[in-house]
Amino acid sequence: MILKGEKVVLRPLEVEDARTIVPLINDAELRQYLLQVFPINKFMEENWIKNHSSSSNEVNLAITTDDELIGVTGYMNIDWVNRCAEFGTGIFNKKYWGKGYGTETTKLMLEYAFRKLNLNRVYLRVFDYNERAIRAYEKCGFVLEGRQRQAVFSNGRYHDVLMMSILAEEYFKP
């Protein structure tokens, strides 16, 4: 599966991508936005890709531009009965931050979720201090549906985790 936008191409994540992902994901500035607390090595990332790429309840894609891997996106915890999934995305290469790559990736993934996978609900979790991501999600139609108070500890203090979602009827609304 390949999804193409104006800025990004989303393609299946490959084990070889680990060598690009590891140095990016080990950057402390990036890691503050991820659930990943500890640094990782190539072996750990290769195993994660192998284990998560064979699941029928997950879709994991590399975000690329000009043949350069800049991040990862996907759906996890896909519930085929209730037609919902948890969305995750990350632009790991900081030179692409704030330039619309995350927004375009999210739009492509929503198109895929609602038109191809026939999902009814896509939800996500985002840290309250990740304002850039929150703006992108809102731009794509996600709405705040709740918060987990003081659920994450980062930079010496506790922060809320925001719960956001979008429904198929909201996505298809003219």
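Residues numbered from 1 in each chain as written. Predicted model: local features only at pLDDT ≥ 70, side-chain atom pairs only at ≥ 80, totals over all residues. Heavy atoms only, no water.

Undergrad: Can you help me understand the overall build of the chain in this one?
TA: Secondary structure assignment for the chain yields six helices and eight strands. The order of helices and strands in the chain, counted from the N terminus, is β-β-α-α-α-β-β-β-α-β-α-β-β-α. Taking 174 residues into account, the globule formula puts the C-alpha radius of gyration at 16 Å, and the chain, at 16 Å, falls close to it. With respect to the three principal axes, the spread of C-alpha positions in the chain is 45 × 40 × 30 Å. Split into buried and exposed, the 174 residues of the chain put 46% on the buried side. (Helix = DSSP H or I, 4+ residues; strand = E, 2+ residues; numbered from the N terminus. Rg over C-alpha atoms; globule rule 2.2 N^0.38 Å. Buried < 20%, exposed > 50% of the residue type's maximum accessible area, 1.4 Å probe, protein only.)

Undergrad: I'm lost on helix α3 (residues 42-53) in this one. Help?
TA: Residue pairs three or four apart in sequence face the same way in an α-helix, which turns once every 3.6 residues. The end-to-end C-alpha distance of α3, which contains twelve residues, comes to 16 Å, matching closely the 16 Å that a straight helix rising 1.5 Å per residue would cover. Taken as a whole, α3 has its buried residues at Glu45, Glu46 and Ile49. Angularly, the buried residues of α3 cover 100° about the axis, an arc narrow enough to put them on a single face. Along α3, exposed side chains directed more than 90 degrees from the buried face belong to Phe43 and Asn51. Lining the buried residues of α3 we find α1 (18-25). You can read the cap of α3 off the contacts: a side-chain oxygen lies 3.1 Å from the backbone nitrogen of Phe43, and it is on Asn41. (Expected span 1.5 Å × (residues − 1). Arc of directions from axis to C-beta. Contact = heavy atoms within 4.5 Å. Polar contact = N/O pair within 3.5 Å; in protein donor to acceptor, adjacent residues only side chain to side chain.)

Undergrad: Help me out: how do you make sense of the pattern of salt bridges in this one?
TA: It is possible for side chains of opposite charge to pair when their charged atoms get near one another. Inspection of the entire model under this criterion finds seven salt bridges. Asp17 serves as the salt-bridge partner of Arg11, at 2.8 Å between the closest nitrogen and oxygen. Judged by relative accessible area, Asp17 falls into the buried class, the value being 8%. One salt bridge in this structure joins Arg121 and Glu145, with 2.4 Å as the shortest N-O distance. Of this pair, Arg121 sits in strand β6 (residues 121-127) while Glu145 sits in strand β7 (residues 143-154); the two residues are 24 residues apart in sequence, bridging distant segments of the chain. (Salt bridge = Lys/Arg side-chain N within 4 Å of Asp/Glu carboxyl O.)

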